[in-house]
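Descriptive analysis of the structure
The lines below spell out each chain.
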Amino acid sequence: EADIYQTPRYLVIGTGKKITLECSQTMGHDKMYWYQQDPGMELHLIHYSYGVNSTEKGDLSSESTVSRIRTEHFPLTLESARPSHTSQYLCASSEGQSGYTFGSGTRLTVV
Amino acid sequence: AQSVTQLDSQVPVFEEAPVELRCNYSSSVSVYLFWYVQYPNQGLQLLLKYLSGSTLVKGINGFEAEFNKSQTSFHLRKPSVHISDTAEYFCAVTSQGAQKLVFGQGTRLTINP
C-alpha cells in the first residue's frame, strides 16, 4: 500500500484554468519534492521543502507554486494552465539517507 | 557538485538473457547510491541502495548492483530478464549532509520475446 498519495492520477483541463495537484504522505517525512517529467524523459526538480513553512525552487524554472502548511501535505498550484504545462508531475518524500519514496504521479494535459 | 551519468539511453535485450545497465557518478565525498525503476504511467520504485558495507547489493525482482569506488560506478545487473522488466531505470546519488538526490537521465530497458 502506497505511503504517498497523489491526486488526481489524470487531469485534462482547459487553458487558463487554475489547478492544484495534491500530494500527501503518511510517513512523517520532513523533506518533500516535486518533479516534472515528460514521457520517457529525465526527471526535473521544480520545488522542494525541508519542513513546514519551508519551500524552495528547484533546478528547473516553473510557473507553479507550492505550499507546506502541514508536514504531510505538499500541494502544487498552477494559477493559469497552458499547453506547455502538459507533463507528468511526480511527488516524493524522504527522511535521512534512505532514498525517496515516490507517489504514482499526476499526468496533466492542458488543451 | 555531484553528477550521475547513465551510459546507455536504451538497452534492448532478449527475454531470459542477462543485462547490465551502466551508471557512473562523480563526487568528492563518500556517496550513497540508488537504483529506481519506473513502469509506464507510474512513479519511481526503489530497486536497491548502497549506503555502506558490502559492495554487492541485492534488490527486488532479482536485480543486484555492485559499488566500485575506484571506477566510480554502480552498475545494475540481472542474470535473466523477463518481459515484465520492461521499464525505465534511474540511477541516483547523494552524500552525507547533502539534501537532495541527483538523478541520471534514465535507461530504457526493452525486453524482446
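Cut-offs and rules
- Numbers given to residues run from 1 along each chain, matching the order in which its sequence is written.
- Just so you know, chain letters begin at A and ligand numbers begin at 1, following the order they were written in.
- Per-residue local features are limited, in this predicted model, to residues with pLDDT of at least 70; the limit for side-chain atom pairs, both in listing and counting, is 80 or more; totals at the level of whole chains, interfaces and linings are taken over all residues.
- Side-chain numbers come from the whole structure's heavy atoms, not from hydrogens or water.
- By convention in this document, the label disulfide applies to cysteine sulfur atom pairs within 2.5 Å.
- A run of H or I in DSSP counts as a helix once it spans at least four residues, and a run of E counts as a strand once it spans at least two, with each numbered from the N terminus.
- A pair of strands is labelled paired if DSSP reports no fewer than 2 bridges between them.
- By definition, a salt bridge exists where a carboxyl oxygen of Asp or Glu is found within 4 Å of a side-chain nitrogen of Lys or Arg.
- Exposure categories follow from relative accessible area, calculated using a 1.4 Å probe and restricted to protein chains: below 20% of the type maximum is buried, above 50% is exposed, and the middle band is partly exposed.

This part takes up the state of the cysteines. All names here are of chain A. The full count for this structure, using the stated rule, is two disulfides over all chains. There is a disulfide in this structure between Cys23 and Cys91, and the S-S distance comes to 1.9 Å. Between Cys23 and Cys91 the disulfide shows an S-S torsion of about -75°. By sign, it is left-handed. One end of the pair, Cys23, is in strand E3 (residues 19-25); the other, Cys91, is in strand E9 (residues 87-94), and 68 residues separate them in sequence.

Turning our attention to the sheet that holds strand E7 (residues 65-66) of chain A. All names here are of chain A. Pairing in this open sheet of four strands is antiparallel, and the strands run E1-E3-E8-E7 from one edge to the other. Sheet topology places strand E1 (4-7) and E7 at the edges, where each strand pairs with a single neighbour. Bridge analysis of E3 against strand E8 (residues 76-78) gives three bridges, and the strand direction is antiparallel. By the bridge assignment for E8, Thr20 is matched with Thr77.

This part is about the pattern of salt bridges. All names here are of chain A. Evaluated as defined, the whole model comprises nine salt bridges over all chains. Residue Lys18 pairs with Glu79 through a salt bridge whose shortest N-O separation is 3.9 Å. Here Lys18, found in the loop between strand E2 (10-13) and E3, pairs with Glu79, found in the loop between E8 and E9; they are 61 residues apart in sequence, far enough to count as distant. Residue Lys18 is classed as exposed on the basis of its relative accessible area, which comes to 54%. Its salt-bridge partner being Glu63, residue Arg82 comes within 2.6 Å of it at the nearest N-O pair. Separated by 19 residues along the polypeptide, Arg82 in the loop between E8 and E9 and Glu63 in the loop between strand E6 (54-57) and E7 bring together distant segments of the chain. You can call Arg82 partly exposed: its relative accessible area is 37%.

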